Amino acid sequence: MGTAVSARRYSLVAIVLHWASALGVLALVGIGLTMAHAGLTPVRQFQLYQWHKSVGITVLGLTVLRLAWRLFQKPPAYPAAMPVRERRAASAAHGALYLLLGELPLTGWAVVSLSPFNIPTVLYGLVPWPHLPLAALVPDQALAEAIVKRVHAYGAWLLIALLVLHVAAALRHHLILRDDVLRRMLPTRKSRSVSEPLGSSR
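If you're wondering where the values come from, they're calculated on a predicted model, not measured in any experiment.

What follows deals with the overall build of the protein. Assigned secondary structure in the protein consists of five helices and two strands. Counting the 202 residues in the protein, one finds 34% classified as buried. Contacts spanning at least 24 positions in sequence make up 68% of the contacts within the protein whose residues lie at least 6 apart. Carbon together with sulfur atoms contributes 72% to the accessible area of the protein, which is approximately 12,800 Å² in total.

Given below as structure tokens:
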């Protein structure tokens with residue numbers, strides 16, 4: 001039974017990395033929307049930018065770790081009853097999420113590196129973080145910064161949309177289909193089989 005349950009669940013490392021990334025992304029979305037729309041004082045704006053950069057680099061590192069872990073730890077299979085089209089859609093959505101979790105921190109890093117203000121990045125106020133050597137590679141630094149900033153903004157909205165779909169799909173599996181797709185990513189000791197009632201105990 002233990003082997004069957006573990007085969008249906010993500011590993012503890014994958015679960016920790018997933019939820020750490022999720023918290024980081026939620027923080028980035030909240031900070032980003034606040035920076036863009038709250039009309040903050042320059043001092044507060046600077047502080048939030050530093051936090052945004054710090055969490056963004058952290059999410060980039062977590063994404064690298066998640067991808068590396070997947071090379072060694074195969075994720076659990078989709079439920080047998082899941083239609084092929086849904087499996088393909090889920091795989092495509094996961095791929096897009098990973099792509100954006102890498103692209104957004106990198107484009108954000110590029111925006112900071114191309115900025116004419118040349119503001120240093122100090123992660124969490126403790127670790128100096130270098131700029132990417134991009135300024136000398138582009139003929140028009142201001143134009144390059146504007147383009148990358150636009151790409152970063154569009155990517156952020158796309159990520160928000162995908163996250164809403166991701167959460168909605170997980171809740172559909174949990175509340176309507178009543179399978180273990182969501183439970184296998186929750187930090188619980190065991191995962192019930194699809195045929196086991198939600199309220200049952202052993």
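Now, onward.
For the rest of this paragraph, the subject is helix 5 (residues 141–177). With 37 residues, helix 5 extends 52 Å between its outermost C-alpha atoms, agreeing within 8% with the 54 Å of an ideal straight helix rising 1.5 Å per residue. For helix 5, the set of buried residues is Ala144, Glu145, Val148, His152, Gly155, Leu159, Leu162, Ala170 and His173. Buried residues in helix 5 make contact with helix 2 (12–37), helix 3 (42–72) and helix 4 (84–114). For helix 5, the N-terminal capping position is held by aspartate 140, with its side-chain oxygen 3.3 Å away from the main-chain nitrogen of alanine 142. Phi for arginine 178, located one or two positions after helix 5, is positive at around 55 degrees.

Now for the packing of aromatic side chains. Tallied over the entire structure, the rule returns two aromatic pairs. Taken together, a centroid distance of 5.6 Å and an interplanar angle of 75 degrees make the contact between tryptophan 51 and tyrosine 124 edge-to-face. Of the two residues, tryptophan 51 is situated in helix 3 and tyrosine 124 in the loop between strand 1 (121–123) and strand 2 (127–129); the sequence distance between them amounts to 73 residues.

Take the confidence of the model for the protein next. Taken residue by residue, the protein gives an average pLDDT of 86. The fraction at 70 or more is 90%. Segment residues 1–6 is flagged for pLDDT under 50; beyond a separation of four residues in sequence, or across chains, it makes three contacts in the model. Taken together, the stretch residues 191–202 has pLDDT below 50 and engages in 20 contacts with residues farther than four places along the chain or on a different chain.

For the rest of this paragraph, the subject is the pattern of salt bridges. Proximity of charged atoms lets side chains of opposite charge pair with each other. This model, assessed by the stated rule, comprises two salt bridges. A salt bridge links arginine 172 to glutamate 86; the shortest N-O distance between them is 3.3 Å. Taken together, the positions of arginine 172 in helix 5 and glutamate 86 in helix 4 put the pair 86 residues apart, joining distant regions of the chain. A relative accessible area of 33% means that arginine 172 is categorised as partly exposed.

Packed helix pairs are characterised by how far apart their axes lie and by the angle those axes make with each other. At a minimum axis distance of 12 Å, the contact between helix 2 and helix 5 shows a crossing angle of 130 degrees. Judged by the angle between their axes, helix 2 and helix 5 are oblique. Helix 5 is crossed by helix 2, and the crossing has left-handed handedness. Listed contacts from helix 5 to His18, Val25, Val29 and Leu33 of helix 2 are Trp157, Leu159, Ile160, Leu163 and His166.

Okay, the side chain of glutamate 145 next. Summarising the element assignment, glutamate 145 is placed in helix 5. Excluding anything up to four places from it in sequence, glutamate 145 contacts Val111, Leu114, Ser115 and Pro116.

One non-glycine residue with positive phi stands out, namely asparagine 118, at about 55 degrees. Among the structural elements, asparagine 118 can be located in the loop between helix 4 and strand 1. Of note in the backbone geometry, tyrosine 124 takes a positive phi value of approximately 55 degrees without being a glycine.

Okay, the packing of helix 4 against helix 5 next. The contact between helix 4 and helix 5 brings their axes to 8 Å, and the two run at 150 degrees. Classified by the angle their axes make, helix 4 and helix 5 are roughly antiparallel. For the pair helix 4 and helix 5, the sense of crossing is left-handed. Broken down by class, the residue content of the contact of helix 4 with helix 5 amounts to 15 nonpolar, eight polar and five charged.

Thresholds, definitions, all that
Residues numbered from 1 in each chain as written. Predicted model: local features only at pLDDT ≥ 70, side-chain atom pairs only at ≥ 80, totals over all residues. Heavy atoms only, no water. Helix = DSSP H or I, 4+ residues; strand = E, 2+ residues; numbered from the N terminus. Buried < 20%, exposed > 50% of the residue type's maximum accessible area, 1.4 Å probe, protein only. Contact = heavy atoms within 4.5 Å. Areas by Shrake-Rupley, 256 points an atom, 1.4 Å probe, with all protein chains shown as cover. Expected span 1.5 Å × (residues − 1). Polar contact = N/O pair within 3.5 Å; in protein donor to acceptor, adjacent residues only side chain to side chain. Phe/Tyr/Trp six-rings, centres within 6.5 Å; stacked < 30°, edge-to-face > 60°. pLDDT = per-residue confidence, 0-100. Salt bridge = Lys/Arg side-chain N within 4 Å of Asp/Glu carboxyl O. Axes fitted to C-alpha atoms, helices over the stretch in contact; angles between N-to-C directions. Parallel < 35°, antiparallel > 145°, perpendicular 65-115°, else oblique. Left-handed = near helix turned anticlockwise from the far one by under 90°. Nonpolar A, V, L, I, M, F, W, Y, C, P; charged D, E, K, R; others polar.

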